[in-house]
Amino acid sequence: MKIKIIFLIMISRLVRGIGMGLGASAIAFIIWFLFFSVDEYKYFWAFLAILQFFVGYLMYRFAYSYIYDE
């Protein structure tokens, strides 16, 4: 039983790390595309980066709530 709990904690921390990575890279992409890019599709790419941020946030929130609710 203890191995299952340790495994769930490791998976949760991995998912939280992936979510944080997606969120941090999305913030960098948003700043790049809105302020420094000269691409004609920069608003489209910025919109996709905003979606990436929300996906990362949701992954982080799910993993964080799952480990502390269980």
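Everything below is about the structure printed above this text.
Everything in this summary refers to the structure shown in the same document.

Reading the values: the criteria
Residues numbered from 1 in each chain as written. Predicted model: local features only at pLDDT ≥ 70, side-chain atom pairs only at ≥ 80, totals over all residues. Heavy atoms only, no water. Helix = DSSP H or I, 4+ residues; strand = E, 2+ residues; numbered from the N terminus. Rg over C-alpha atoms; globule rule 2.2 N^0.38 Å. Buried < 20%, exposed > 50% of the residue type's maximum accessible area, 1.4 Å probe, protein only. Contact = heavy atoms within 4.5 Å. Lys, Arg positive; Asp, Glu negative; His and termini not counted. Charge placed at Lys NZ, Arg CZ, Asp CG, Glu CD. Patch = residues over 30% accessible without salt bridge, like charges linked within 9 Å, V, L, I, M, F, W, Y side chains within 5 Å. Areas by Shrake-Rupley, 256 points an atom, 1.4 Å probe, with all protein chains shown as cover. Salt bridge = Lys/Arg side-chain N within 4 Å of Asp/Glu carboxyl O. Phe/Tyr/Trp six-rings, centres within 6.5 Å; stacked < 30°, edge-to-face > 60°. Expected span 1.5 Å × (residues − 1).

Examining the overall build of the chain
Scanning the chain from N- to C-terminus turns up two helices and zero strands. The C-alpha atoms of the chain give 16 Å as radius of gyration, which overshoots the globular expectation for 70 residues (11 Å, by more than 25%). Principal axes of the C-alpha set define a box for the chain whose edges measure 55 × 15 × 15 Å. Counting every position in the chain, which comprises 70 residues, the buried fraction comes to 19%. Look at the contacts in the chain between residues 6 or more apart in sequence, and 67% of them connect residues 24 or more apart. On the chain, the mean spot of the 6 positive side-chain charges and the mean spot of the 4 negative ones are 15 Å from each other.

Topic: a nonpolar patch on the surface
A surface patch of nonpolar side chains, about 800 Å² in accessible area, is lined by Ile27, Ile31, Trp32, Leu34, Phe35, Phe36 and Tyr43. Among the elements that take part in the nonpolar patch, helix α1 (residues 2–36) stands out by supplying six residues, more than any other. You can see phenylalanine 35 is positioned in helix α1.

What to know about the packing of aromatic side chains
Tallying each qualifying case throughout the model produces five aromatic pairs. Considering the side-chain rings of tryptophan 32 and phenylalanine 36, the 6.0 Å spacing of their centres and the 35° angle between planes classify their relative orientation as tilted. Of this pair, tryptophan 32 and phenylalanine 36 are both found in helix α1, four residues apart, which corresponds to roughly one turn of the helix. Seen from their ring centres, phenylalanine 53 and phenylalanine 54 are 5.7 Å apart, and the 70° between their planes marks the pair as edge-to-face. Exposure remark for phenylalanine 53: the relative accessible area of 29% places this residue in the partly exposed category. Judged by relative accessible area, phenylalanine 54 falls into the partly exposed class, the value being 46%. Here a set of aromatic residues connected by ring pairs shows up, and it is made of Phe29, Phe33, Phe44 and Trp45.

Some words on the environment of lysine 42
The topology assignment puts lysine 42 in helix α2 (residues 42–69). For lysine 42, a relative accessible area of 18% puts it in the buried group. When the C-alpha atoms of lysine 42 and glycine 17 are compared, they prove to be 27 Å apart, with 25 residues separating the residues in sequence. Not counting chain neighbours up to four residues away, the residues in contact with lysine 42 comprise Phe33, Leu34 and Ser37.

Structural notes on α1
Across its 35 residues, α1 extends 50 Å between first and last C-alpha, which sits within 8% of the 51 Å expected from 1.5 Å per residue. Among all positions of α1, only Ser12, Arg16, Gly19, Gly23, Ala26, Ile30 and Phe33 are buried.

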